[in-house]
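So the chains spell out like this:
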Amino acid sequence: MRARALASPGPSRRMVLAGALGLGAAAGWPAAGRAHAAAAGGPAVFGCAAWGARPPSESVVILAAPPKQIVVHHTATRNVEDYSQQRAFALARAIQNYHMDIQGWIDTGQHFTISRGAFVTEGRHHSLAELESGRRQVRSAHCVGRNDVSVGIENEGTYTSEEPPAQQFEALVSLCTHICDRYGIAPTEIHGHRDFNDTACPGDRLYALLPRLRKDVAVRLGVRLGEPAQQPGFPDFPVYEGRDAWAGPAEYLPPGALDGELARWTGPGSTARGAGGSGRTPR
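Note that the structure is predicted; figures quoted are calculated from it, not measured. (Residues numbered from 1 in each chain as written. Predicted model: local features only at pLDDT ≥ 70, side-chain atom pairs only at ≥ 80, totals over all residues. Heavy atoms only, no water.)

## Considerations on the overall build of the protein
Short version of the rule: Secondary structure elements are taken from DSSP: a helix is a run of H or I of four residues or more, a strand is a run of E of two residues or more, and numbering for both begins at the N terminus. Should any heavy atoms of two residues lie within 4.5 Å, those residues are considered in contact. Reported accessibility uses the Shrake-Rupley method at a 1.4 Å probe radius. Residues are deemed covered only where the shown protein chains occlude them.
Counting its secondary structure elements, the protein contains eight helices and nine strands. Restricting to contacts in the protein with at least 6 residues of sequence separation, those with at least 24 account for 78%. Counting every atom, the protein has about 11800 Å² of accessible surface; 52% of that belongs to carbon and sulfur.

Here is the structure:
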């Protein structure tokens, strides 16, 4: 597969947004989310510059081919009732810092993150621009063996015994619909992380919602929902024994990482509170 490295431009104050929630879901969003939604297309997505991302430590790789799948994750963080944009941005920064400083990656591992308040943020740089092009994708680091062929979506929270909030699930449906539409991905190719790796992610309750997610996406796209495609190398999806193991440090944010990030960005004397903050420079 041909690929090229794309240098990341310096952070700007421009917020990259795409579309609005469909089927009346915007009524359930926090006011700030509705205010930033455009006329049509998909959920509003806050680009890396909007939430104060650090530049990648090296150029991200843009793959010549579009993705074939979507992989759904959960962050395994606390199921908080803070649905604010401020927390969504702090979550994005905490994940990026953990992925770069502890995992040793060049940038955030996944392409997009959805907060419990239904705010959608861009993860790895250039993911949103390539999604809108509909032709290429950014090489990621969210699922061993699938980083060149799938879009990774993290959902804030732990969904082993509890379902995600309705507005978060709605944002997931809207984002998946937009991704499937732009890239021509069949709704049957929406999977959970455990389908490919030896992990419990995205939690039993969110994983159990994946059939509904596929159905909802198919309805919005106006296509018939069939069975998940059995492509070469794809075993039966619900069983994840023998899947690729997660390598390196712990998969999830360590306890307290997000709280520390919230304090750093929202505490007294902070100078990086709003959209467009440049974040700190890489190591």
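## Observations regarding the packing of aromatic side chains
This is how the line gets drawn: Ring pairs shown here join Phe, Tyr and Trp side chains whose ring centres sit within 6.5 Å, with only the six-membered ring taken for Trp; geometry is labelled stacked below 30 degrees between planes, edge-to-face above 60, and tilted in between. Relative accessibility thresholds used throughout: buried, under 20% of the residue-type maximum; exposed, over 50%; partly exposed, between the two (1.4 Å probe, protein chains only). Geometrically, a lysine NZ or arginine CZ counts as sitting over a ring once it is within 6 Å of the ring centre and also within 35 degrees of the ring normal.
If you walk through the whole model with that rule in mind, you get two aromatic pairs. Aromatic side chains Phe46 and Phe89 sit 5.3 Å apart centroid to centroid with 70° between the ring planes, which places their arrangement in the edge-to-face category. Separated by 43 residues along the polypeptide, Phe46 in strand β2 (residues 45-46) and Phe89 in helix α3 (residues 85-101) bring together distant segments of the chain. Under the relative-accessibility criterion, Phe46 is labelled buried at 0%. An aromatic cluster is present here, built from Phe46, Phe89 and Phe119 joined pairwise through their rings. The ring of Phe196 has Arg146 lying over it, and the distance from NZ or CZ to the ring centre is 5.0 Å. Over the ring of Tyr207 we find Arg194; its NZ or CZ atom is 4.7 Å from the centre of that ring.

## Considerations on the sheet that holds strand β9 (residues 190-192)
Our working rule: Should DSSP find at least two bridges between two strands, the strands are regarded as paired. Axes, fitted as lines to C-alpha atoms, cover a helix only where it is in contact. Angles between the N-to-C directions of the axes lie from 0 to 180 degrees.
Taken in spatial order, the six strands of this open sheet run β2-β6-β5-β8-β4-β9, and their pairing is mixed. Looking at the sheet topology across the chains shown, the edges are occupied by β2 and β9. Of the strand pairs in this sheet, strand β5 (residues 112-114) and strand β6 (residues 120-122) are connected by three bridges, and their pairing is antiparallel. Across the sheet, residue Ile114 finds its bridge partner in β6, namely Val120. Packing against the sheet, α3 makes contact with β2, β5 and β6, and its axis sits at approximately 35° to β6. Running over the sheet, helix α5 (residues 166-183) touches β4 (69-74), β5, β6, β8 (150-155) and β9 and is turned about 170° from β8.

## Overview of the state of the cysteines
How we decide: Any pair of cysteine sulfurs within 2.5 Å is marked as a disulfide.
This model, assessed by the stated rule, comprises zero disulfides. Cysteine Cys143 remains unbridged, with the sulfur of Cys201 as its closest cysteine sulfur at 8.7 Å. For Cys143, a relative accessible area of 0% corresponds to the buried category. In this structure Cys180 is a free cysteine whose sulfur lies 6.3 Å from that of Cys176, the closest cysteine sulfur available.

## Overview of the pairing of β4
Burial of β4 is extensive: six of the six residues sit out of reach of the surface. Summarising the sheet, β4 and β9 pair through three bridges and their orientation is parallel. By the bridge assignment for β9, Val71 is matched with His191.

## Section: the environment of Gly226
Residue placement: Gly226 occurs in the loop between α7 (210-221) and α8 (257-266). A residue is classified by how much of its surface remains accessible, and Gly226, at 41% relative accessible area, is partly exposed. The spatial distance from the C-alpha of Gly226 to the C-alpha of Pro187 is 8.6 Å, given a sequence separation of 39 residues.

## A word on α7
What counts is decided by this rule: Residue count minus one, scaled by 1.5 Å, sets the expected span of a helix. As used here, the arc is the angular range of directions from the helix axis to the C-beta atoms.
Taking 1.5 Å of rise per residue, the 12 residues of α7 would be expected to cover 16 Å, and the 16 Å separating its terminal C-alpha atoms lies within 8% of that figure. Turning to α7, its buried residues are Leu210, Leu213, Arg214, Val217 and Ala218. Down the axis of α7, the buried side of the element spans an arc of 130°, and every buried residue falls inside it. Turned more than 90 degrees from where α7 packs its buried face, Lys215 and Val219 sit exposed. Those residues of α7 hidden inside the fold are in contact with β4, α5, β9 and α6 (204-208). Backbone geometry just downstream of α7 places Gly222 in the positive-phi region, at approximately 70°.

## Concerning the pattern of salt bridges
Rule in force here: By definition here, a salt bridge exists when the distance from a side-chain nitrogen of Lys or Arg to a carboxyl oxygen of Asp or Glu is within 4 Å.
Across all of its chains, the model carries nine salt bridges by this definition. Between Asp101 and Arg54 there is a salt bridge, and its shortest N-O distance comes to 3.1 Å. With a gap of 47 residues between them, Asp101 in helix α3 and Arg54 in the loop between α2 (48-51) and β3 (60-63) connect regions that are remote in the sequence. Exposure remark for Asp101: the relative accessible area of 25% places this residue in the partly exposed category. With a relative accessible area of 2%, Arg54 lands in the buried category. Taking the shortest distance from any N to any O, the salt bridge between Glu156 and Arg87 comes out at 2.8 Å. Taken together, the residues span a long stretch of sequence, with Glu156 in the loop between β8 and α5 and Arg87 in helix α3 at a distance of 69 residues. For the pair shown, Glu156 and Arg87 are each scored as buried.

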